[in-house]
Amino acid sequence: MTYLAAMAEALSEQPDFNIFENKTGLAEDLKFLASMPELCDVTFLVGDTREPVCAVKAVLASRSRVFHKIFYSSSSPQRKKDQPQKENKLRLFLKRSSEPLLNLQNTTEKPAQSQHQTLIIEEFEPDVFRQLIEYIHTGCVTLQPRTLLGLMNAADYYGLDELRRACAGFVQCCINVDTVCALLASAERYIQYKCTKSMVQKVLEFVDLHGNEVLNLGSFTLLPQHVVRLILARELKADEVTKFQAALMWSKKYCDNSSLDLREIISTFLEFIQFHKVPATILMKDIHPLGIVPDHIIMNALAYQADPSSVEPSRVSPKRVHRRRELSVQSSLDPSGSTTTLSSSTSSDINSDRHSSDGKPGLEGGYAGSPLGRPN
């Protein structure tokens, strides 16, 4: 009897239920739900191309306070827009008195299509917003360098703190020679958001340490001009010949897509090249024959190499003497402007030093090859 009692007591302590989970299946079903417009009740038209991205309002609102406010808050601009005009008392009375009859007649009709909303999203790119919606519906998303910065800012914008933290953590892992240019290019699109500055700082610190490798990338030529200037202006671990070559690569690429002269384009980079650190043989045999660097810059560099005291420092390195460049993510316009860009800041205006002390405009360039793409 004792054995049977102990056995019965042991059985009574075991739970009479079991938990079964299939989160993967649920995530796939919700992902499928968001891909079917007829099953969704909101469509976002995203970006300049107005690409449609569908979603379920209830899911969005339950996961994001911002979306909840957009769809269900009485103070939402969108809901105010959708509210009908006020009706006079007589019309309101007639409407209420006829509601039972109308409800009876509409029992077999389809739900009103006006419940489906269409919103325009201009702040984010279609790929970025599509990933955001996918994460909200399924709880998972594939992080990738191309859309990382946009997704991190979108997560911050819509109050998805866990996704923002995941993106910020992934930044450290994804910064490498192959991704720095893509990250900097995306930073231009989202420079007005607060998450951008910290990531750009980390990317530029990586560029500082891997200057020669970054400057030799083919994707370097796809960066905006002011971003190229920002990189060349920094204290890179790169030799001046490589910097010269990268500047010319970018300028030649730009010339292929415009009618501007190569000398005119490359002149914006000359101030960041320390030509007095380029060997004299390369200056005379490779750079001077290109005809894109003024003679006075070549002569000043050669004179400095022969006797540093014979040339004023500002003539050979106008943008580096007694100045320290630091990252500045700021507006390219005045404080009332709306366009923001990546830029570099110095103790003096960047345009005021474009001319050398003798009043001649500065130029710069580079050539692909050995060492600059021309035979010795």
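These numbers come from a predicted model, not from an experiment.

(A) Region of interest: the overall build of the protein. Within the protein one finds 18 helices and 5 strands. Evaluated residue by residue, the protein yields a buried proportion of 40% over its 376 residues. Within the protein, contacts between residues at least 6 apart in sequence are counted, and of these 66% link residues at least 24 apart. As displayed, the protein offers around 21,800 Å² of accessible surface, 54% of which is attributable to carbon and sulfur atoms.

(B) The arrangement of unusual backbone geometry in detail. The phi dihedral of Arg50 falls on the positive side, at around 55°, and the residue is not glycine. Inspection of the secondary structure assignment puts Arg50 in the loop between strand 1 (42-46) and strand 2 (51-55). Of the residues examined, Arg50 reaches a relative accessible area of 30% and is grouped as partly exposed.

(C) Geometry of the environment of Thr221. In this fold, Thr221 is placed in the loop between helix 12 (211-215) and helix 13 (225-232). Given a relative accessible area of 14%, Thr221 falls into the buried group. Excluding residues that lie within four positions of it along the chain, Thr221 makes contacts with Met249, Trp250 and Lys253. Of the polar contacts made by the side chain of Thr221, one reaches the backbone oxygen of Gly218; its length is 2.8 Å.

(D) Examining helix 13 more closely. In terms of burial, helix 13 is largely enclosed, as 6 of its 8 residues are buried. Buried within helix 13 are the following residues: Val227, Val228, Arg229, Leu230, Ile231 and Leu232.

(E) Here's a closer look at the pattern of salt bridges. All chains considered together, the criterion is met by 8 salt bridges. Two residues, Glu122 and Arg50, come together in a salt bridge whose shortest N-O distance is 3.0 Å. With Glu122 in the loop between strand 3 (117-121) and helix 7 (126-138) and Arg50 in the loop between strand 1 and strand 2, this pair connects stretches of sequence that are 72 residues apart. Notably, a salt bridge pairs Arg164 with Asp156, separated by 3.7 Å at the nearest N-O pair. On the accessibility criterion, Asp156 (24% relative accessible area) is partly exposed. Because the salt bridges share partners, they merge into one network encompassing Glu51, Asp127, Arg130 and Arg146.

(F) The arrangement of the sheet that holds strand 2 in detail. Spatial strand order, 2-1-3: 3 strands in an open sheet with mixed pairing. Of all the strands in the sheet, just strand 2 and strand 3 have a single pairing partner and so form its edges. Averaged over all adjacent pairs, the angle separating strand axes in this sheet is 25°, with direction ignored. The pairing of strand 1 with strand 2 spans 5 bridges and is classified as antiparallel. For Phe44, the partnering residue across the bridge sits in strand 2 and is Val53. Sheet contacts for helix 7: strand 1, strand 2 and strand 3; angle to strand 2, the most-contacted strand, approximately 5°.

(G) Quick look at helix 14 (residues 240-256). Its 17 residues give helix 14 an end-to-end C-alpha distance of 25 Å, which sits within 8% of 24 Å, the value for a rise of 1.5 Å per residue. All of the buried residues along helix 14 are Glu240, Val241, Thr242, Lys243, Phe244, Gln245, Ala246, Ala247, Leu248, Trp250, Ser251 and Cys255. As for helix 14, its buried residues are in contact with helix 12, helix 13, helix 15 (262-266) and helix 16 (280-287). For helix 14, the side-chain oxygen to backbone nitrogen distance between the N-cap and Val241 is 3.2 Å, and the N-cap itself is Asp239.

(H) Expanded view of the packing of aromatic side chains. With the rule as written, the count across this model stands at 17 aromatic pairs. Pairing Phe71 with Tyr72 gives two aromatic rings, centres 6.4 Å apart and planes at 70°, and the pair type is edge-to-face. Look at Phe71 and you get buried, because its relative accessible area is 2%. With centroids separated by 6.2 Å and ring planes inclined at 45°, the aromatic side chains of Phe124 and Tyr158 adopt a geometry described as tilted.

(I) Geometry of the side chain of Ser251. Checked against the element boundaries, Ser251 lands in helix 14. Ser251 gets classed as buried once you look at its relative accessible area, which sits at 0%.

(J) Structural detail: the environment of Pro145. Of note, Pro145 is situated in helix 8 (residues 145-157). Judged by relative accessible area, Pro145 falls into the partly exposed class, the value being 22%.

(K) Layout of the confidence of the model for the protein. Per-residue confidence for the protein averages 76 on the pLDDT scale, and 69% of its residues sit at or above 70. The secondary structure element of the protein with the lowest average pLDDT is strand 4 (residues 326-331), at 40, and the one with the highest is helix 12, at 95. Contacts of residues 79-83 to residues separated by more than four positions or lying in other chains number 8 contacts, the stretch itself having pLDDT below 50. Predicted confidence is poor over residues 97-114, with pLDDT under 50, and the contacts of this stretch with residues over four places away or in other chains come to 0 contacts.

Conventions used here
- Residues numbered from 1 in each chain as written.
- Predicted model: local features only at pLDDT ≥ 70, side-chain atom pairs only at ≥ 80, totals over all residues.
- Heavy atoms only, no water.
- Helix = DSSP H or I, 4+ residues; strand = E, 2+ residues; numbered from the N terminus.
- Buried < 20%, exposed > 50% of the residue type's maximum accessible area, 1.4 Å probe, protein only.
- Contact = heavy atoms within 4.5 Å.
- Areas by Shrake-Rupley, 256 points an atom, 1.4 Å probe, with all protein chains shown as cover.
- Polar contact = N/O pair within 3.5 Å; in protein donor to acceptor, adjacent residues only side chain to side chain.
- Salt bridge = Lys/Arg side-chain N within 4 Å of Asp/Glu carboxyl O.
- Pairing = 2+ DSSP bridges.
- Axes fitted to C-alpha atoms, helices over the stretch in contact; angles between N-to-C directions.
- Expected span 1.5 Å × (residues − 1).
- Phe/Tyr/Trp six-rings, centres within 6.5 Å; stacked < 30°, edge-to-face > 60°.
- pLDDT = per-residue confidence, 0-100.

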